[in-house]
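# Per-entry structural report
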Amino acid sequence: MFGRLFKFFALCLLAWAVARWFLKPGQRRNLHELITALAIALLASAGLFCVLYWLGWHNI
């Protein structure tokens, strides 16, 4: 488990470094907005699945 978390952390760090070095500030802003929108969508879908599971829909 620790190895997988380390690989994920290393991949995120590499993606951050590439975005920082190769993207212009305006492009970084757009990338930040995209990542924020994806994170909000992920949280919303996780919340929806938790509510559905709580309501008894276990076979989704």
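### Here we look at the overall build of the protein chain
What the protein chain contains, in helices and strands, is two helices and zero strands. Rg of the C-alpha trace for the protein chain: 17 Å, well past the compact-globule value of 10 Å for 60 residues, more than 25% over. Each of the 60 residues in the protein chain was classed as buried or not, and the buried ones make up 3%. Accessible surface for the protein chain amounts to roughly 5900 Å². Of this, 75% is attributable to carbon and sulfur atoms.

### Focus: the layout of surface pockets
For the largest pocket, the calculated volume is near 150 Å³. Of all the elements in the fold, those that place two or more residues in the lining of the largest pocket are helix H1 (2-22) and helix H2 (25-54). Looking at the lining of the largest pocket residue by residue, the classes come out as five nonpolar, one polar and two charged.

### What about the UniProt feature "transmembrane region" (unreviewed entry) in the protein chain?
Residues annotated by UniProt as "transmembrane region" (unreviewed entry) correspond here to residues 6-23 and 35-55. Strand forms 0% of residues 6-23 and helix 94%; the C-alpha atoms that close the span are 25 Å apart. Counting secondary structure, residues 35-55 comes out at 95% helix and 0% strand; the distance between its end C-alpha atoms is 30 Å.

### Section: a nonpolar patch on the surface
A cluster of nonpolar side chains, contributed by Phe2, Phe6, Phe9, Leu13 and Trp16, occupies part of the molecular surface with about 660 Å² of accessible area. Residue placement: phenylalanine 9 occurs in helix H1.

### Things to note about the environment of tryptophan 16
On the secondary structure map, tryptophan 16 appears in helix H1. Spatially, the C-alpha atom of tryptophan 16 lies 37 Å from that of histidine 58, the residues being 42 residues apart in sequence.

### As for H1
The terminal C-alpha atoms of H1 lie 30 Å apart, and with 21 residues this matches the ideal 30 Å at 1.5 Å per residue to within 8%. Taken across its 21 residues, H1 has two buried, putting it largely on the surface.

Thresholds, definitions, all that
- Residues numbered from 1 in each chain as written.
- Predicted model: local features only at pLDDT ≥ 70, side-chain atom pairs only at ≥ 80, totals over all residues.
- Heavy atoms only, no water.
- Helix = DSSP H or I, 4+ residues; strand = E, 2+ residues; numbered from the N terminus.
- Rg over C-alpha atoms; globule rule 2.2 N^0.38 Å.
- Buried < 20%, exposed > 50% of the residue type's maximum accessible area, 1.4 Å probe, protein only.
- Areas by Shrake-Rupley, 256 points an atom, 1.4 Å probe, with all protein chains shown as cover.
- 1 Å grid on protein atoms, 1.4 Å probe; cavity = no way out; pocket = protein on both sides within 12 Å on 5 of 7 lines; lining within 4 Å.
- Points joined across faces, edges and corners; volume = space filled by probe spheres on them.
- Nonpolar A, V, L, I, M, F, W, Y, C, P; charged D, E, K, R; others polar.
- UniProt positions renumbered as here; feature names shortened; annotations may be inferred.
- Patch = residues over 30% accessible without salt bridge, like charges linked within 9 Å, V, L, I, M, F, W, Y side chains within 5 Å.
- Salt bridge = Lys/Arg side-chain N within 4 Å of Asp/Glu carboxyl O.
- Expected span 1.5 Å × (residues − 1).

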